[in-house]
Amino acid sequence: MAPFCCIVPEYVLRAIVERGVAPQNTINACHSTIEKIRQIQDARIQHGQRTESAQQQQVAEGIIPSFIHETIAQYAATAEQRETSLRTLEYNTKLRAAAGTLRHLKRTVYDAQNSWDFENPPKDKVMIEEGGVLVSEEEDPTGNANECYIGFKKTYDFYFDFFKRDSIDGRGLKLDGFVHFGKKFGNAIWDGRDLIFGDGDGIIFDGFTDELDIIAHEFTHGVVQYTNPLNYTFQSGALNESLADVFGVMVKQWAEKPEHPQTVDQANWLIGEGIWAEGINGRALRDMKNPGTAYNDRFVGKDPQPAHWDHFQTLGLSVDRGGVHINSGIPNRAFCLAANMIGGYAWEGAGPIWYKALTSGKLGENATFKEFADLTIENASEH
Ligand SMILES: [Zn+2]
């Protein structure tokens, strides 16, 4: 099954419902968000093939498939025909080899028009296409479409500029974003194919598109999926979550204020800063430097992330898929510590070590924290 990430873990939404002290409308909105996520997860299990077919479509290939040219080259009646087909084949090979290093930024932002249709979110209302103009305030007073469009480019540029990676799959995968999904939907999602953003209810959750690290977090789930899929349960799931935060926070440090990129000691290491609506007692959704301290609120409860392996939480699959958003605090802090030890900009120091570990092909689908840590140590010594 393709990974399916929601930026707001179910346990946060459930705590709001179970505490029952939030306004009834908010509780209802959390309820419908939980229900929808459950439905989507069930649908994902049935449609796990999506990633594979998306990957196949991205292979750089001309209109005449290579196998036809191979056949012509083998059985050509004339030397000239044979020569032409061989040359075409050579060109196709070069095209494929180059595909990873050419820029193929292609964004489309759709208005989901409050639809709950996850399987086929409506595509009839395109807000912005690649190269188009930003939408006016009248057209989208929330600014979500523009934020999504701009956030996609900053994230794409980050991966391209520092890691020579051409989009999510490394082959220029088209970026489709949906804004205004559902009604008061309190989440942002990478569903294995698209990036989907709800509006939030405005009482507990503000919107999600104005957080560059959230867009980059979801984008990175796609990168992990196409690079080194890590099962979205237990330790491998927490690693998957942590990698999404690690690259999410670096994009934020690099591009939130492009004129002033932040060094590791200037950064606040918060994920989802400003995700909470006014009045909620929280600095962010997660704190990579001090896991477990991001929020503590009567509606939402307390941030449950451990900061150290000694406090690793052994959880069943029914609790946050074995603690994927909980135990991720441990590798999150490990990255923050490593980045601070190396100093400078995270994407020049610790970032490449983590990226190399992710793309090494040496991680199993059920990789443990220790296996990942060992890889980073191995890479650091070569760095
Ligand atoms: Zn995630």
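Residues numbered from 1 in each chain as written. Predicted model: local features only at pLDDT ≥ 70, side-chain atom pairs only at ≥ 80, totals over all residues.

Which parts of the structure should I look at to understand the overall build of the protein chain?
For the protein chain, the helix and strand inventory stands at 12 helices and 10 strands. Burial status across the protein chain gives 45% buried among its 383 residues. Nonlocal contacts in the protein chain, meaning residues at least 24 apart in sequence, comprise 61% of its contacts between residues at least 6 apart. (Helix = DSSP H or I, 4+ residues; strand = E, 2+ residues; numbered from the N terminus. Buried ≥ 20, exposed ≤ 12 C-beta atoms within 10 Å, placed from the backbone. Contact = placed C-beta atoms within 7 Å.)

What am I meant to see in the pairing of strand E2 (residues 107-111) here?
Looking along a regular strand, one sees the side chains alternate between the two faces of the sheet. Counting buried positions along E2 gives four out of five residues, so the element sits mostly inside the fold. Pairing analysis gives five bridges linking E2 to strand E4 (residues 175-179), with the strands arranged parallel. The residue of E4 that forms the bridge with Asp-111 is Val-179. When E2 meets strand E3 (residues 126-129), the two strands line up antiparallel, connected through three bridges. The partner of Val-109 across the bridge, within E3, is Ile-128. (Pairing = 2+ DSSP bridges.)

Teacher, can you tell me more about the packing of helix H6 (residues 144-163) against helix H8 (residues 234-255) here?
Helix-helix packing: each pair is described by the crossing angle between the helix axes and the interaxial distance. The contact between H6 and H8 brings their axes to 10 Å, and the two run at 100 degrees. One element, H6, and the other, H8, form an angle in the roughly perpendicular class. Contacts between H6 and H8 involve Lys-154, Thr-155 and Phe-158 from the former and Val-251, Trp-254 and Ala-255 from the latter. (Axes fitted to C-alpha atoms, helices over the stretch in contact; angles between N-to-C directions. Parallel < 35°, antiparallel > 145°, perpendicular 65-115°, else oblique.)

How should the nonpolar core be read in this particular structure?
Nonpolar side chains in soluble globular proteins tend to end up buried together. Within the largest apolar cluster, 93 residues are counted, with the highest numbers of intra-cluster contacts made by Ile-16, Phe-197 and Phe-335. For this core, the leading source of residues is H8, giving 10 residues. What Phe-335 contacts, discounting residues up to four positions off in sequence, is Val-246, Met-288, Ala-350 and Trp-354. (Core = buried A, V, L, I, M, F, W, Y, C linked by C-beta atoms within 7 Å.)

Mind showing me how you'd approach helix H11 (residues 350-359) here?
The element H11 is extensively covered by neighbouring structure, given that seven of its 10 residues are classed as buried. Along H11, the positions that sit buried rather than exposed are Ala-350, Gly-351, Ile-353, Trp-354, Tyr-355, Ala-357 and Leu-358. Next to the buried residues of H11 lie H6, helix H7 (212-227), H8, helix H10 (329-342) and helix H12 (369-382).

Could you clarify how one ought to interpret unusual backbone geometry in this entry?
Across the chain, the bulk of peptide bonds are trans and the bulk of non-glycine residues have phi less than zero. The backbone of Ser-167 shows a phi angle near 75 degrees, a positive value even though the residue is not glycine. Looking at the secondary structure, you find Ser-167 in the loop between H6 and E4. Phi is positive for Lys-184, which is not a glycine, with a value near 55 degrees. Topologically, Lys-184 is positioned in the loop between E4 and strand E5 (188-190).

Whenever I open this one, the sheet that holds strand E6 (residues 195-197) confuses me. Can you help?
The strands making up a sheet are joined through hydrogen bonds of the backbone, oriented either antiparallel or parallel. Read from one edge of the open sheet, six strands run E1-E5-E6-E4-E2-E3, paired in mixed fashion. Whereas interior strands pair on both sides, the edge strands pair on one side only; in this sheet they are strand E1 (5-6) and E3. With two bridges connecting them, E4 and E6 associate as parallel partners. Looking at E6, one finds that Phe-178 is bridged to Ile-196. Seen against the sheet, H6 touches E2, E3, E4 and E6 and runs at an angle of roughly 160 degrees to E2.

Looking at this model, I keep getting lost on the packing of H8 against H10. Mind explaining?
Axis separation between H8 and H10 bottoms out at 8 Å; the angle between their running directions is 40 degrees. Viewed along their axes, H8 and H10 adopt a mutual orientation that is oblique. Two packed elements cross with a definite hand, and for H8 against H10 that hand is right-handed. Here Ala-238, Leu-239, Ser-242, Asp-245 and Val-246 of H8 come into contact with H10, specifically with Pro-331, Asn-332 and Phe-335. Class assignment for the residues of the contact of H8 with H10 results in five nonpolar, two polar and one charged. (Left-handed = near helix turned anticlockwise from the far one by under 90°. Nonpolar A, V, L, I, M, F, W, Y, C, P; charged D, E, K, R; others polar.)

Explain helix H1 (residues 10-19) here, please?
Where H1 is concerned, the buried positions are Glu-10, Val-12, Leu-13 and Ile-16. Along the long axis of H1, the arc covered by the buried residues comes to 170 degrees, so they all point the same way. Backbone geometry just after H1 places Gly-20 at a positive phi near 65 degrees. (Arc of directions from axis to C-beta.)

Help me understand the environment of Ile-168 in this model?
Position of Ile-168 among the secondary structure elements: in the loop between H6 and E4. On the basis of neighbour counts, which here come to 28 C-beta atoms within 10 Å, the residue Ile-168 falls in the buried class. Sequence spacing of Ile-168 and Val-224 is 56 residues, and the spatial spacing of their C-alpha atoms is 8.5 Å. Those residues in contact with Ile-168 that sit more than four places away from it in its chain are Leu-173, Phe-219, Gly-222, Val-223 and Tyr-226.

Explain the confidence of the model for the protein chain here, please?
Low pLDDT marks stretches whose predicted atomic positions should not be read closely. For the protein chain, per-residue confidence averages 86 on the pLDDT scale, and residues scoring 70 or more make up 84% of the total. Long-range and interchain partners of residues 47-72, a stretch whose pLDDT sits below 50, account for 32 contacts in this model, where long-range means more than four residues apart. The model gives residues 91-100 a pLDDT under 50, and that stretch makes 12 contacts with residues more than four places away or in other chains. (pLDDT = per-residue confidence, 0-100.)

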